[in-house]
Amino acid sequence: MEHDALVIGGGFAGLAAATYLARARRKVCVVDNRLPRNRFAKASHGFLGQDGSNPLAILAEAREQLSVYPTAALLQDEAVSARKDRDGFTVSMASGQTLKADKLILAFGLRDELPPIPGLRERWGQSVLHCPYCHGIEFSDRRLGVLYRTEMSVHQALIVAEWGPVTLYLDGARLEPDAARKLAERGIAVVDGPVSALEGDGPALSAIRLESGERIAIDALYLAPRPCLSSPLAEQLGVDVEEGAMGPVIRTDADKLTSVPGVYAAGDIARAPHSVSWAVADGVTAGTSAHRAMVFG
């Protein structure tokens, strides 16, 4: 084997897994396209000791620290195919390069599919948000909204109300009576009409424009994007994938081992809910579990 382990994805989970394998003096290579899911956010919150730090800066420092270990390698490329061989795994890159390893750790993350509302995409991660725990306190007691996407949007609105006054924008959807009752009990306003655009200066959000022409003042809009796996490798390898309330989840055991022997998964693709802290913890679990499997077989 060229490597003891290949880590596909150099985000928080992947770099954590690789760091522990490198510290175990195992040959590990991280393949990463440098497009982490949270690259749109200027600050990462809730990560112990790094609260408010830029996520790209945290990852850059982690790569620098990992590169110090003589058994670690970093490859900026994209893994496009993977197969299980008799004695390990073979992974092919977009560049044409092929790598082999005994163990495989999938940490390529999710890709968020956003609704095609004008003015939304350019504010994603700035004033259009997904997680109040990650960004809520920065918009405390301001004009907050939740864009209805699924039935879970009602749950999201009930949570976001902890940070300030909330309006749920149905965008043409209809509420069940029980959901309407819960929203009313929390003092959450409901707007029926379809949303046509978001308005504001730069990344800031100042108003939601409805198809009727009505403009409603707002400072931050929450929504639950439709995530999907950002790589085809899970399907190619045949690992079990479940469809959860927050998108697809690669099924793993407590050691982050998937249904395919020798393949581990960590980060947003292998758990719900998601956060940087959980991704790092799961990466540590995957890395140490893969190492123990190398030792004990």
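This report concerns the structure included in the present document. Keep in mind that what you see is a predicted model, and the values were worked out from it rather than measured. (Residues numbered from 1 in each chain as written. Predicted model: local features only at pLDDT ≥ 70, side-chain atom pairs only at ≥ 80, totals over all residues. Heavy atoms only, no water.)

Observations regarding the overall build of the protein chain
Here is step 1 of the chain: Broken down by element type, the protein chain carries seven helices and 19 strands.
Here is step 2 of the chain: Relative to the globule expectation of 19 Å for 297 residues, the C-alpha radius of gyration of the protein chain, 21 Å, shows essentially globular dimensions.
Here is step 3 of the chain: Each principal axis of the C-alpha distribution contributes one length, and for the protein chain these read about 65 × 35 × 35 Å.
Here is step 4 of the chain: The proportion of buried residues among the 297 residues of the protein chain is 49%.
Here is step 5 of the chain: Counting contacts in the protein chain only where the partners sit at least 6 residues apart, residues at least 24 apart contribute 57% of the total.
Here is step 6 of the chain: Accessible surface, the protein chain: about 14,200 Å² in total, of which carbon and sulfur atoms supply 51%. (Helix = DSSP H or I, 4+ residues; strand = E, 2+ residues; numbered from the N terminus. Rg over C-alpha atoms; globule rule 2.2 N^0.38 Å. Buried < 20%, exposed > 50% of the residue type's maximum accessible area, 1.4 Å probe, protein only. Contact = heavy atoms within 4.5 Å. Areas by Shrake-Rupley, 256 points an atom, 1.4 Å probe, with all protein chains shown as cover.)

Remarks on the pairing of strand β3 (residues 72-76)
Here is step 1 of the chain: Two elements, strand β2 (residues 28-32) and β3, share five bridges in a ladder whose sense is parallel. The partner of V31 across the bridge, within β3, is L75.
Here is step 2 of the chain: Crossover β2 to β3 through helix α2 (residues 55-67) is right-handed. (Pairing = 2+ DSSP bridges. Right-handed = clockwise from strand over helix to strand, strands pointing away.)

Concerning the pattern of salt bridges
Here is step 1 of the chain: As enumerated under the stated definition, the model contains 19 salt bridges in all.
Here is step 2 of the chain: Across the salt bridge formed by D268 and R37, the nearest N and O atoms sit 2.8 Å from each other. Taken together, the residues D268 in the loop between β19 (263-265) and α7 (276-296) and R37 in the loop between β2 and α2 connect sequence positions 231 residues apart. Summarising the burial analysis for this pair, D268 and R37 share the class buried.
Here is step 3 of the chain: For E185, the salt bridge identified is with R181, shortest N-O distance 2.9 Å. Here E185 pairs with R181, and both are found in helix α5 (residues 177-185), just four residues apart, close to one helical turn.
Here is step 4 of the chain: When salt bridges that share partners are traced, they join D178, R181, K182 and E185 into one network. (Salt bridge = Lys/Arg side-chain N within 4 Å of Asp/Glu carboxyl O.)

Here's the deal with helix α4 (residues 152-160)
Here is step 1 of the chain: S153, V154, Q156, A157 and V160 are the residues of α4 that are buried. For α4, the buried positions fall inside an angular range of 160° around the axis, keeping them on one side.
Here is step 2 of the chain: As for α4, its buried residues are in contact with α3 (132-135), β9 (144-147), β10 (166-169), α5 and β15 (220-222). (Arc of directions from axis to C-beta.)

Topic: unusual backbone geometry
Here is step 1 of the chain: With an omega of 0°, the peptide bond between A272 and P273 qualifies as cis.
Here is step 2 of the chain: Mapping P273 onto the fold places it in the loop between β19 and α7.
Here is step 3 of the chain: Within the chain, D171 stands out as a residue other than glycine whose phi angle is a positive 55°.
Here is step 4 of the chain: Mapped onto the elements of the fold, D171 is located in the loop between β10 and α5.
Here is step 5 of the chain: One non-glycine residue, K256, lies in the positive phi region at around 65°.
Here is step 6 of the chain: One can find K256 in the loop between β18 (247-250) and β19.

Things to note about the sheet that holds strand β11 (residues 189-191)
Here is step 1 of the chain: Taken in spatial order, the five strands of this open sheet run β8-β15-β9-β10-β11, and their pairing is parallel. Strand pairing shows two members of the sheet lacking a second neighbour, β8 (128-129) and β11, which therefore form its edges.
Here is step 2 of the chain: Two strands pair when backbone bridges link them, and β8 and β15 are joined in this way by two bridges, in the parallel orientation. Each bridged residue has a counterpart across the sheet, and for V128 the counterpart in β15 is L221.
Here is step 3 of the chain: α4 rests against β9, β10 and β15 of the sheet, and its axis sits at about 165° to β9. (Axes fitted to C-alpha atoms, helices over the stretch in contact; angles between N-to-C directions.)

A few points about the packing of aromatic side chains
Here is step 1 of the chain: Overall, the coordinates contain two aromatic pairs when judged by the stated rule.
Here is step 2 of the chain: Plain terms: the ring middles of Y133 and W163 are 5.5 Å apart, the flat faces sit at 90° to each other, and that makes the pair edge-to-face. In this pair, Y133 sits in helix α3 while W163 sits in the loop between α4 and β10, placing the two residues 30 residues apart along the sequence.
Here is step 3 of the chain: On the accessibility criterion, Y133 (62% relative accessible area) is exposed. (Phe/Tyr/Trp six-rings, centres within 6.5 Å; stacked < 30°, edge-to-face > 60°.)

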